[in-house]
Amino acid sequence: MKRCNVTNTWWRDAVIYQVYPRSYADGNGDGVGDIAGIRARLDHLSALGVDAIWFSPWYPSPMADAGYDVSDYRDIDPVFGTLGEVEALIAEAHRAGIRVIVDVVPNHCSIEHPWFQKALADPAAPERELFWFRDGDEMPTAWRGEFGGTTWTRTPDGAWYLHLFTPEQPDFNWDHPRVRAEFESVLRFWLDRGVDGIRIDSAALLMKDPDLPEVDPSAKHPFHDLDAVHDVYRSWRRIADEYADRALIGEVWLPEVDRFAAYLRPDELHAAFNFDFLGCAWDAGAMRACIDRTLDAHAGVGAPATWVLSNHDVTRHVTRYGRQDTAFSFATKREGTPTDLELGTRRARAAALLSLSLPGAAYVYQGEELGLWEVENLPVEARQDPMWQRSGHGRDGCRVPIPWSSERPPFGFSPDGAAEPWLPQPEGWKDLTVAAQTGDPHSMLELYRRAIAARRALSGPMRWLPSPPGALAYARGDVAVVVNMSGAPVPLPDHDTCLLASGPLDDGVLPPDTAVWLRTT
Ligand code: NOJ
């Protein structure tokens, strides 16, 4: 049994594994992943060697946005299990030396949240003040929603309410003290249950300009990144600091590095996801600039960088890296673009050695350690993501249930005789199951296991080393990392031993799309 490392800075260099509960493992046979399934498969995460698990939402929800529409922040949806089971899971993870991060969704709730139900039932209810209700014949603004479409829905009494996501996700009014007090209480609820961190959903969207101006590119945005949001996180940080060893991790999508880093000032969040890195093309120049930008921005506020390749919202990187355009953005996301999965997998292996060797925390999205690809041919009737209906591109393809064992679906995801998995798994995943990859030294899974274990040998800051065009080379202590992103082999620097390689090496040279960790003294 591992012991939790007793420092107050675990989040600075942790490997954090994202569990998407609906798709990790199904314990009760209804075709949907659940807490029982996670508890039964915790050994996978111990064997992988991760330091912490971030659980995507598991709260009661009508699931209009896969649980990111919460109707009760202090309980568990019956589809996933019970609060008692979650408490047992937290204790089991801790016994295995793994920390636990829960996902809190403060920008919006579900239309089934009791506050919204009261607000809807009675135009005079004080709960209307807790949301953004407006009267009038016209829609209050022409703002475009985060999933496309409009951001206001009319109630039967003729009022409008604001929702930056789906109509089933009404936005809270963060100018109201009851909203602030409620979330402070929700944070304490989970921190009191021993969770080690909070992932904050849509962290930059909470505040809105109360004048509700239209979006004007030459003026301050009316709901992205308003300065007042920082007061919220300062108060959250004071709460986190009352407990030992807890981290606040923000989902902050902002292109301006200075604005992004402001969330990581010493009295605000401990860390935030690096979407700049996630979206970066497989190109040495672009990647080096991104790494420098990241490290500079974080150094300025003393916060640890994070390295993220995939999550439950974006095209899996095996698929992205197998395309002509290897960058990611929602605006350019297109399903069905020609993809070379072999190339994508080779690059994903090299990317694992890149992201796991950079200074800071590394995130692993469930299934990336198996080399899963984006499932882009899901039947229309199986698709559940509201983004698909509203914008024509969806996120179901990265949420397909994990293949654990056996030759055919459900690949051990559900027990024998269970209902079909909530999204169909491709037959081709039979070679990517945990069972098929375990013990195969060439598998993605064994590469991740080895890299996570060997990563402990990497310490201190990184420094760039001279590198041939199209390659990245840097050192951390006495380990040199070389990532060849060019189309031609590059020579390896002088070294004593090769600690790890993402693919076969040709007689002292590093083939294209391959990475290596070398001991240099
Ligand atoms: C970001 C989450 O990651 C995504 O899955 C969700 O749809 C939106 N926030 C809205 O909560």
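Before reading on, note that the structure itself is shown above.
Numbering of residues starts from 1 in each chain and follows the order in which that chain's sequence is written. Per-residue local features are limited, in this predicted model, to residues with pLDDT of at least 70; the limit for side-chain atom pairs, both in listing and counting, is 80 or more; totals at the level of whole chains, interfaces and linings are taken over all residues. Only hydrogens and water are set aside when side-chain values are computed; all heavy atoms of the structure are taken into account.

Engineer: Outline the overall build of the protein, listing residues and values.
Structural biologist: Helix numbering and strand numbering both begin at the N terminus, where a helix is a DSSP run of H or I of at least 4 residues and a strand a DSSP run of E of at least 2. Regarding its fold elements, the protein presents 15 helices and 18 strands. It is over C-alpha atoms that the radius of gyration is taken, and the globule rule equals 2.2 Å times the number of residues to the power 0.38. Against the 2.2 N^0.38 benchmark of 24 Å for 521 residues, the protein shows a C-alpha radius of gyration of 23 Å, consistent with a compact globule. Across its three principal directions, the C-alpha atoms of the protein cover 75 × 55 × 45 Å. Across the protein, every contact between residues at least 6 apart in sequence was considered, and the portion connecting residues at least 24 apart equals 66%. Note on areas: these come from Shrake-Rupley sampling with a 1.4 Å probe, and a residue is covered only by the protein chains present in the view. Approximately 19500 Å² of the protein is accessible, and the part contributed by carbon and sulfur atoms is 52%. Should any heavy atoms of two residues lie within 4.5 Å, those residues are counted as being in contact.

Engineer: Can you explain the environment of Val314? Please cite residues and give values.
Structural biologist: Mapped onto the elements of the fold, Val314 is located in the loop between β10 (306–308) and α11 (317–320). Any residue under 20% of the maximum accessible area for its type is buried, any over 50% is exposed, and the rest in between are partly exposed; the area is computed with a 1.4 Å probe on protein chains only. Its relative accessible area of 0% is what places Val314 among the buried residues. A sequence separation of 56 residues divides Val314 from Asp258, and the C-alpha atoms of the two residues are 24 Å apart. Look past the residues within four positions of Val314 in its chain and what remains in contact with it is Trp253, Leu278, Arg320, Phe328, Phe330, Lys333, Glu374 and Cys398.

Engineer: Lay out the site of the ligand in plain terms, naming residues and giving numbers.
Structural biologist: Taken together, 13 residues form the shell around the ligand, and within it Asp65, His108, Asp201, His312 and Asp313 come nearest. At 2.9 Å from an oxygen atom of the ligand is found a side-chain nitrogen or oxygen belonging to His108. What qualifies as a polar contact is a pair of N or O atoms within 3.5 Å, subject to a donor-acceptor requirement within protein and to the restriction that residues adjacent in sequence count only when both atoms come from side chains. Arg395 has a polar side-chain atom sitting 3.0 Å from an oxygen atom of the ligand. A class-by-class count of the residues in the shell around the ligand yields 3 nonpolar, 3 polar and 7 charged. Residues are labelled near a given molecule or strand when at least one of their non-hydrogen atoms is within 4 Å of it. Three categories are distinguished: nonpolar for Ala, Val, Leu, Ile, Met, Phe, Trp, Tyr, Cys and Pro, charged for Asp, Glu, Lys and Arg, and polar for the others, with Gly belonging to the last.

Engineer: With reference to specific residues and values, describe the side chain of His393.
Structural biologist: For His393, the position within the fold is in the loop between α13 (386–391) and α14 (434–437). The buried category is assigned to His393, whose relative accessible area is 14%. From its side chain, His393 meets the backbone oxygen of Phe330 in a polar contact 3.5 Å long. Leave out the neighbours within four places in its chain, and His393 touches Phe330, Lys333, Glu335, Met387 and Trp388.

Engineer: I'd like a rundown of the pairing of strand β3 (residues 99–104), residues and numbers included.
Structural biologist: Along a regular strand, successive side chains alternate from one face of the sheet to the other. Within β3, 6 of the 6 residues are buried, which leaves it mostly tucked inside the rest of the structure. Neither face of β3 is open: one carries Arg99, Ile101 and Asp103, the other Val100, Val102 and Val104, and all of them are buried. Strand direction decides the pairing type here: β3 and strand β7 (residues 197–200), joined by 4 bridges, are parallel. If you follow Ile101 over to β7, its bridge partner there is Gly197. When DSSP finds at least two bridges between two strands, those strands are taken to pair.

Engineer: Hey, could you go over the side chain of Ser486 for me, with residue numbers and the actual values?
Structural biologist: With respect to the element layout, Ser486 can be found in the loop between β14 (479–484) and β15 (490–491). A distance of 2.9 Å separates the side chain of Ser486 from the backbone oxygen of Ala488, its partner in a polar contact.

Engineer: Give a description of the sheet that holds strand β5 (residues 152–154) that names residues and reports values.
Structural biologist: Here we have 3 strands laid out as an open sheet, ordered β4-β6-β5, and antiparallel in their pairing. Bordering the open sheet on either side are β4 (133–134) and β5, each of which pairs with just one other strand. Both β5 and strand β6 (residues 160–162) contribute to a ladder of 3 bridges, which runs antiparallel. Of the residues in β6, the one forming a bridge with Thr153 is Tyr161.

Engineer: How would you summarise the pairing of strand β11 (residues 361–365) if you had to cite specific residues and measurements?
Structural biologist: The element β11 is extensively covered by neighbouring structure, given that 5 of its 5 residues are classed as buried. The two faces of β11 match: Ala361, Tyr363 and Tyr365 on one face and Ala362 and Val364 on the other face are all buried. Of the pairings in the sheet, the one linking strand β1 (residues 15–19) to β11 comprises 4 bridges and is parallel in character. Bridging across to β11, Val15 finds its partner in Ala362. Looking at chain direction, β10 and β11 are connected through 3 bridges and run parallel. Along β11, the bridge assignment pairs Trp307 with Ala362.

Engineer: Talk me through the nonpolar core; I want residue IDs and the actual numbers.
Structural biologist: Here, nonpolar core means buried Ala, Val, Leu, Ile, Met, Phe, Trp, Tyr and Cys residues that are tied together by side-chain atoms lying within 4.5 Å of each other. Core analysis: the largest hydrophobic core is formed by 154 residues, its most contacted members being Trp58 and Trp190. The dominant element in this core, judged by the number of residues it contributes, is helix α6 (residues 177–192), at 7 residues. Not counting residues up to four positions away in its chain, the partners in contact with Trp58 are Ile35, Asp75, Ile76, Asp77, Phe80, Val86, Leu89, Val102 and Trp190.

Engineer: Which residues make up the pattern of salt bridges, and what values do they have?
Structural biologist: One side-chain nitrogen of Lys or Arg within 4 Å of one carboxyl oxygen of Asp or Glu is enough to make a salt bridge. In total, this model carries 31 salt bridges according to the counting rule given. Ionic pairing is found between Glu182 and Arg74, a salt bridge with its closest N-O pair at 3.0 Å. Of this pair, Glu182 sits in helix α6 while Arg74 sits in the loop between β2 (52–55) and α4 (83–95), and the two are 108 residues apart along the sequence. Overall, the relative accessible area of 16% leaves Glu182 in the buried class. Put simply, Lys430 and Asp431 hold a salt bridge, and the shortest N to O gap is 3.6 Å. Judged by relative accessible area, which is 33%, Lys430 ranks as partly exposed.

Engineer: Report on the packing of α6 against helix α7 (residues 229–242), specifying residues and quantitative values.
Structural biologist: Angular values range over 0 to 180 degrees, each being the angle between N-to-C directions of two axes fitted as lines to C-alpha atoms, with helices fitted over their stretch in contact. For the pair α6 and α7, the least separation of the axes is 11 Å and the interaxial angle reads 30°. By the angle class used here, α6 and α7 are roughly parallel. Handedness of the crossing formed by α6 with α7: right-handed. Residues Arg180, Phe183, Glu184, Leu187, Arg188 and Leu191 of α6 pack against Asp231, Val232, Ser235, Trp236, Ile239, Ala240 and Glu242 of α7. Counted by class, the contact of α6 with α7 contains 7 nonpolar, 1 polar and 5 charged residues. What sets the label is the angle itself: under 35 degrees gives roughly parallel, over 145 gives roughly antiparallel, 65 to 115 gives roughly perpendicular, and the rest give oblique. A clockwise turn of the near helix away from the far one marks a right-handed crossing, whereas an anticlockwise turn of less than a right angle marks a left-handed crossing.

Engineer: Report on the sheet that holds β3, specifying residues and quantitative values.
Structural biologist: Where strands meet in a sheet, backbone hydrogen bonds hold them as pairs that are either parallel or antiparallel. Spatially, β9-β8-β7-β3-β2-β1-β11-β10 is the arrangement adopted by the 8 strands of the open sheet, whose pairing is parallel. Of all strands in the sheet, those with a lone pairing partner are β9 (271–272) and β10, marking the two edges.

Engineer: Give me the lowdown on the packing of helix α12 (residues 341–355) against helix α15 (residues 444–454), citing residues and values where you can.
Structural biologist: Interaxial distance between α12 and α15 falls to 10 Å at its minimum, and their mutual angle equals 10°. Our classification of the angle between α12 and α15 gives roughly parallel. Along the contact surface, α12 presents Thr345, Ala348, Arg349, Ala352 and Leu353, while α15 presents Met444, Leu447, Tyr448 and Ala451.

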